[in-house]
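Listed below, chain by chain, are the residues.
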Amino acid sequence: MNEALSRLLGRSNRPNPGRADRAGEIAELVRAALGLPADAAVTVQELACAEPGCPPIETKIAVLDEPPRRWTIHARVSEVDDEAIRAILTNRPEGENAPR
């Protein structure tokens, strides 16, 4: 993939071990906060946001249970602090995608 397309998609050809480590920490925090088993499928992704008015980078957290739950934090994975995660999980444990 060429570098311009990679930037547009929010990807980098260079591995970022710090981002991967922090994503793992966030996944563990989500499991603990929601009382999920250690083997529960939790994904943490840093993505480029192309929607109008959206910050350029966002972190998506998903719990792949039934039904799946997702949350969005408008910051890079490295900028997401534990308190922000706890707050979003406390306020919407059912996920942003669940009807209110």
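The structure reproduced in this document is the subject of the present report. (Residues numbered from 1 in each chain as written. Predicted model: local features only at pLDDT ≥ 70, side-chain atom pairs only at ≥ 80, totals over all residues. Heavy atoms only, no water.)

1. Some details on the sheet that holds strand S3 (residues 69-73)
No. 1: Read from one edge of the open sheet, three strands run S1-S2-S3, paired in antiparallel fashion. A single partner strand is all that each edge strand has here, and the edge strands are strand S1 (42-48) and S3. Adjacent strand axes in the sheet meet at a mean angle of 20° when their direction is disregarded.
No. 2: Of the pairings in the sheet, the one linking S1 to strand S2 (residues 57-63) comprises seven bridges and is antiparallel in character. Across the sheet, residue Ala 48 finds its bridge partner in S2, namely Ile 57. (Pairing = 2+ DSSP bridges. Helix = DSSP H or I, 4+ residues; strand = E, 2+ residues; numbered from the N terminus. Axes fitted to C-alpha atoms, helices over the stretch in contact; angles between N-to-C directions.)

2. Observations concerning helix H3 (residues 82-91)
No. 1: Taken as a whole, H3 has its buried residues at Ile 85, Ile 88 and Leu 89. When H3 is viewed along its axis, its buried side chains cluster within an angular range of 95° and face the same direction. Opposite the buried face of H3, at more than 90 degrees from it, the exposed residues are Glu 83, Thr 90 and Asn 91. (Buried < 20%, exposed > 50% of the residue type's maximum accessible area, 1.4 Å probe, protein only. Arc of directions from axis to C-beta.)

Remember, this is a structural readout, not a statement about activity or role.
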